[in-house]
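These are the residues of each chain, in order.
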Amino acid sequence: MLFRAVRGMKDLFDTDWEKYHYIVEQAIKLGKQHGYKIIETPILEYTDVFQRSIGDETDVVSKEMYTFIDRGEESVTLRPEGTAGVIRAVITNNLVQNLPIKLMYHGPMFRYDRPQKGRYRQFHQIGFEHIGDKSPYADALAISLAFNILSSLGIIDFKICINTLGDDETKKSYGKAIVKFFSRHKEDLSEDSQRRLEKNPLRILDSKDNKDREICSMAPLMTDYLNKESGNYFDKVCDLLKQFGIPYELDNFLVRGLDYYSHTAFEILSLKSSGAICGGGRYDKLVQEFGGPDVSGIGFAFGAERVMNLLGNSVIPSQKCKFAVIPISDNECDIALQVLRELHNSALSAEFIHNGTISKKMKIAYRLMCDIALIIGETEKNNQTITVKFMRDNNDKGKMITIDLSMLSSFAKYYISKSISK
Ligand code: AMP
């Protein structure tokens, strides 16, 4: 029987691994410029951490969490998102002493969703949380950081959609208005949305069901229910984005999938593929919910796989010159290993290829994308020389020369500087 990876979970290797780490590196570099520090929280948290913060009625908590009872009879959950764990960590480690604080993270997240293109059960997020600064400046700067990260990756085919969910008062009065509205259409709503109507009516606006969406298009708009303070707050965020030259679109139906958002909510959508590549927003009550002070935060996270999908191969670092060290028979292995170690000690890339006939060894060297073969047979061993075969260089390809063993380092360095200067 062949073992398979768990459904919806992928092995990350080769060019995808390069792309993932390139994105993380770029995001961290820009995050640091904006004053963010890295935090790594455990992948596993007590289930309450997510249940209480994300909200029982959200899809993530009600259908998608990997939750199990551990050997100590505790209910634990593989993290479905990063914010809740970061806020938990801020409180656990008493980082609230240092507010405001900016933290960034990256790593795998887990959601038991239906796998399809761009949607996995294990995926990676790169996220940012700015906690303890409630101001439109913080919101606009967060959106601007997300924009800058994508631009620095050379990604331009995207749009930023923003909305405001207002403060508690706004959410309450708007909540009443939409309950009244959706109650009139209850029979036509999907089963999920009928349930949401009882427990979390705002989330009906987020429904992907076609009939629900049709009804939503006639629903009252949040903007008509914003109290003065929430309206002014959002206007200021929009003004700042204009000032920063960041293009955005207003989307009145953007409510985001998690319960903890208030005021600014945003998503970045690819113009090339479906599904958001980034999502975030302000959370007013989350820190308090975890037993911390009454402070607000703003955060966002990129879905790494979706960003990788938009990234060309040009970001994959091109391989520097690589050597294949090839003894013709076992008798030359000792001297070939010396050569290999000398190259490694000079921080050069080299493979030791010793299996099979010489033609098989050469084939392996080609497959490993080696540029130069250093071949050592009986004659070379006796004369303390190396036969050099150029395998890839356009001008020299196929050429063979002999060099003295003592010249190895200077030859290798000369060849590398020649190939870099091309
Ligand atoms: P969310 O925490 O749901 O706001 O997600 C933030 C970002 O993570 C989204 O914009 C997606 O890019 C990505 N994402 C969320 N769920 C998945 C998934 N199941 N597979 C791949 N990426 C995902």
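Read on for an overview of the structure.

The rules behind the values
- Residues numbered from 1 in each chain as written.
- Predicted model: local features only at pLDDT ≥ 70, side-chain atom pairs only at ≥ 80, totals over all residues.
- Heavy atoms only, no water.
- Phe/Tyr/Trp six-rings, centres within 6.5 Å; stacked < 30°, edge-to-face > 60°.
- Helix = DSSP H or I, 4+ residues; strand = E, 2+ residues; numbered from the N terminus.
- Buried < 20%, exposed > 50% of the residue type's maximum accessible area, 1.4 Å probe, protein only.
- Lys NZ or Arg CZ within 6 Å of the ring centre and 35° of its normal.
- Polar contact = N/O pair within 3.5 Å; in protein donor to acceptor, adjacent residues only side chain to side chain.
- Contact = heavy atoms within 4.5 Å.
- Salt bridge = Lys/Arg side-chain N within 4 Å of Asp/Glu carboxyl O.
- Pairing = 2+ DSSP bridges.
- 1 Å grid on protein atoms, 1.4 Å probe; cavity = no way out; pocket = protein on both sides within 12 Å on 5 of 7 lines; lining within 4 Å.
- Points joined across faces, edges and corners; volume = space filled by probe spheres on them.
- Nonpolar A, V, L, I, M, F, W, Y, C, P; charged D, E, K, R; others polar.

As a further point, take the packing of aromatic side chains. Counted by the stated rule, this structure contains eleven aromatic pairs. Measuring from ring centre to ring centre gives 5.9 Å for F266 and F300, while their planes differ by 55°; the resulting arrangement is tilted. Here the residue F266 occupies a position in strand 9 (residues 262–270), and F300 occupies one in strand 11 (residues 297–303), the gap between them amounting to 34 residues. Between the aromatic rings of F300 and F302, the centroid separation amounts to 6.0 Å while the plane-to-plane angle is 85°, which identifies the pairing as edge-to-face. Take F300 and F302: they sit in the same class, and that class is buried. Through pairs of rings, three or more aromatic residues link up here, namely Y36, F128, F266, F300 and F302. Cation over ring: R121 sits above Y112, and NZ or CZ is 3.8 Å from the ring centre.

Counting through the fold element by element, D284 comes out in the loop between strand 10 (276–283) and helix 10 (286–289). Here the side chain of D284 touches K134 through a polar contact of 3.1 Å, side chain to side chain. Beyond its immediate sequence surroundings of up to four residues, D284 is in contact with K134, Y260, S262, H263, D294, V295 and S296.

So, on to the pattern of salt bridges. If you walk through the whole model with that rule in mind, you get 16 salt bridges. When the shortest N-O distance is used, the salt bridge between D59 and K63 registers 3.6 Å. Residue D59 and its partner K63 are both found in helix 3 (residues 59–64); the two are separated by four residues, about one turn of the helix. Since its relative accessible area comes to 42%, K63 is described here as partly exposed.

Attention now goes to unusual backbone geometry. Trans is the prevailing form of peptide bonds, just as negative phi is the prevailing case for residues other than glycine. With an omega of -5°, the peptide bond running from L99 to P100 counts as cis. Topologically, P100 is positioned in the loop between helix 4 (83–92) and strand 5 (101–110). Unusually for a residue other than glycine, N94 sits at a positive phi of about 55°. Looking at the secondary structure, you find N94 in the loop between helix 4 and strand 5. Note on N94: relative accessible area 39%, which makes it partly exposed. Even without glycine at this site, M369 takes up a positive phi of about 65°. Tracing the backbone through its elements, the reader meets M369 in the loop between helix 13 (358–367) and strand 14 (372–376).

Right, let's talk about the sheet that holds strand 9 for a bit. Taken in spatial order, the eight strands line up as 1-5-6-11-10-9-7-8 in an open sheet, and their pairing is mixed. The open sheet has two edge strands, strand 1 (37–38) and strand 8 (249–250), and neither has a second partner. Taken together, the two bridges between strand 1 and strand 5 define a ladder with parallel strand orientation. Note on strand 5: the bridge partner recorded for K37 is L103.

Counted under the stated rule, the structure contains one cavity of 30 Å³ or more. There is about 50 Å³ of room inside the largest cavity. Considering the residues around the largest cavity, the lining is formed by K10, D11, L12, Q122, H124 and E305. Partitioned by chemical class, the residues of the lining of the largest cavity number one nonpolar, two polar and three charged.

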